Amino acid sequence: MAELRGLPGFRDFYPEDLAVRSHIIDVWRDVARRYGFVEFDGPPLEPLEIYTKKSGSEIVAQLYQFEDKGGRRVALRPEMTPTLVRMVGARARALPKPIRWFSVPQLYRYERQQRGRLREHFQLNVDILGETDVLADAELLAVAIEVVRALGLSPNHVRARVSDRRLLGAMFRRVGVAEDQLLAVYHVVDRLGRESEESLAGRLEKLGLDRAAIEHIFALTRLSGIDQLHAEFGDVEGVSEVVGELSTYLSCLENLGVRDYVDIDLSIVRGLAYYTGIVFELWDAGRELRAICGGGRYDDLLQALTGVDMPALGFGMGDVVLAELLRERGLLPEYRSGIDCYVVAIGDEARGEALKLAAELRGAGFSTAFDFAMRSPKAQFKSADQMGARWAVVIGPEELAAGRALIRDMGRGHERAVDRERVVPELREVSTVDSDG
Ligand code: HAM
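If you're wondering where the values come from, they're calculated on a predicted model, not measured in any experiment. What you see as residue numbers is a count from 1 along each chain, following the sequence as written. With the structure being a predicted model, the display of local features is reserved for residues of pLDDT at least 70 and the display and counting of side-chain atom pairs for 80 or more, all residues being used for whole-chain, interface and lining totals. Computation of side-chain values covers all heavy atoms of the structure but excludes hydrogens and water.

Asker: Hey, could you run me through the packing of helix 8 (residues 197-206) against helix 9 (residues 211-221) in this one?
Answerer: Relative orientation and spacing of two packed helices are given, respectively, by the angle between their axes and the distance between those axes. Where helix 8 meets helix 9, the closest approach of the two axes is 10 Å, and the angle between their N-to-C directions is 130 degrees. The orientation of helix 8 relative to helix 9 falls into the category oblique. Our pair here, helix 8 against helix 9, has a crossing hand that is right-handed. Facing E197, L200, A201, L204 and E205 of helix 8, the residues of helix 9 in contact are R211, I214 and F218. Under the scheme applied here, ten amino acids are nonpolar (Ala, Val, Leu, Ile, Met, Phe, Trp, Tyr, Cys and Pro), four are charged (Asp, Glu, Lys and Arg), and all others, including Gly, are polar. Broken down by class, the residue content of the contact of helix 8 with helix 9 amounts to five nonpolar, no polar and three charged. The convention used is that axes are lines fitted to C-alpha atoms, helices contributing only their stretch in contact, and that angles between N-to-C directions extend from 0 to 180 degrees. Going along the chain from the N terminus, every DSSP run of H or I of four or more residues is numbered as a helix, and every run of E of two or more is numbered as a strand. For classification purposes, an angle smaller than 35 degrees is called roughly parallel, one larger than 145 roughly antiparallel, one from 65 to 115 roughly perpendicular, and anything else oblique. Helix crossings are classified by the rotation of the near helix relative to the far one: an anticlockwise turn of less than a right angle makes the crossing left-handed, while a clockwise turn makes it right-handed. Contacts between residues were defined by any pair of non-hydrogen atoms, one from each residue, lying within 4.5 Å.

Here is the structure:
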């Protein structure tokens, strides 16, 4: 019979794989909550137009889209931001500002298969809406950095690369990029590091830029560090203010305790079309993998999609590259499957009591299993071992007669008999003693 396979780019999560995903998502939720964000969710299927309007050509080309039975054009969500904007837009007046929301959606993009890019992924989204102050930008990046720090990644492992679309826009206009070419130029520059400069220069040429302008653009994207920006733009009207704001941003990050992860790097522009201000990406320090995280300000998106004028900023952090990096650095917790108790029943008469005991243990919160076929004690102990049971709780004819049960510590190998009604209290006691230390 032909082998049944899943689709390329879609993952099966066997228990040990799911443990990795859960570890990452647990840290995401924990950090987002610690930073005062609340969780929301939306539907995985949305009207197509919420993506075609503003997300940009790359993401639109990757959509899983179709017509539903009611004749609506729909798409599986490739990103969360348009859903968030739709939901906030619908209750814009009622929601107290600033809105601090996070979400952990599974997203779908028909990507070309490559390392770190799949056709589905989980993505932490953290967004702040209704706030213009640059402190919100700093807070946002601090959350992203805190997540990688909480996962054990140091500034030697991960760098946050910060840039600003206003700065890039002003610089590109100065070298002759027309307003209607800006997005296309951003899109090309976003591919720096993934595609050769020569091939990118070719694309810029196709957009109508001359060699001098192209060289200039590449030179500008090489600028890094706030001092270089001050030197280059300190007295350029309309740009110096942005540089000043970036300085404030950096000192906020210093006070928030994450500055040591951050570099200014103007080669970052972000692929998505809707960003308007400070943008950033998190990368592995060696830049061998793809971006771990990306985000920034998108002050015009609510207006464009919902007619509500509200500033906003946020980021998305995917699970795929992050898991790869954690695995490479040996920072994933050891996979441990296991249950608390395995009830071993010896002889047919013990069966009823064994099931009652299992129910009692489960009621008390102990994960508990037993043998369905009530095979030989040896086979049952073997199962207990395979399932990683911490204790085997044994009921045989002798225990039944004496109103007792035998508790065997599977790791240490010792066992003792206790009164039947003492099983749960005894196990509770040893659990607390063990977890205390
Ligand atoms: P994005 O840069 O498209 O931004 O995605 C953010 C992160 O999601 C990436 O850095 C990467 O880790 C992960 N990611 C994206 N596509 C894939 C894929 N095909 N396979 C594996 N991982 C992937 C956004 O989606 C924005 N909506 C983020 C945002 C939220 N901006 C504001 N708020």
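On we go.
Asker: So what exactly am I meant to see when it comes to the sheet that holds strand 3 (residues 65-67) here?
Answerer: The pairing of strands in a sheet comes from backbone hydrogen bonds and takes either a parallel or an antiparallel form. Ordered in space as 2-4-3, the three strands form an open sheet in which the pairing is antiparallel. At either end of the open sheet lies a strand with only one pairing partner, and these are strand 2 (45-47) and strand 3. Here the strands of the sheet are splayed against their neighbours by 35 degrees on average, with no regard to which way each runs. Pairing analysis gives three bridges linking strand 3 to strand 4 (residues 73-76), with the strands arranged antiparallel. Looking at the pairing, F66 lines up with V74 of strand 4. A pair of strands is labelled paired if DSSP reports no fewer than 2 bridges between them.

Asker: What am I meant to see in the packing of helix 1 (residues 15-34) against helix 5 (residues 134-150) here?
Answerer: With their axes 9 Å apart at the nearest point, helix 1 and helix 5 run at an angle of 135 degrees to one another. Here helix 5 runs oblique to helix 1, going by the angle between their axes. Crossing handedness for the pair helix 1 and helix 5: right-handed. Contacts from V27, W28, V31 and R34 of helix 1 reach helix 5 at V143, E146, V147 and A150.

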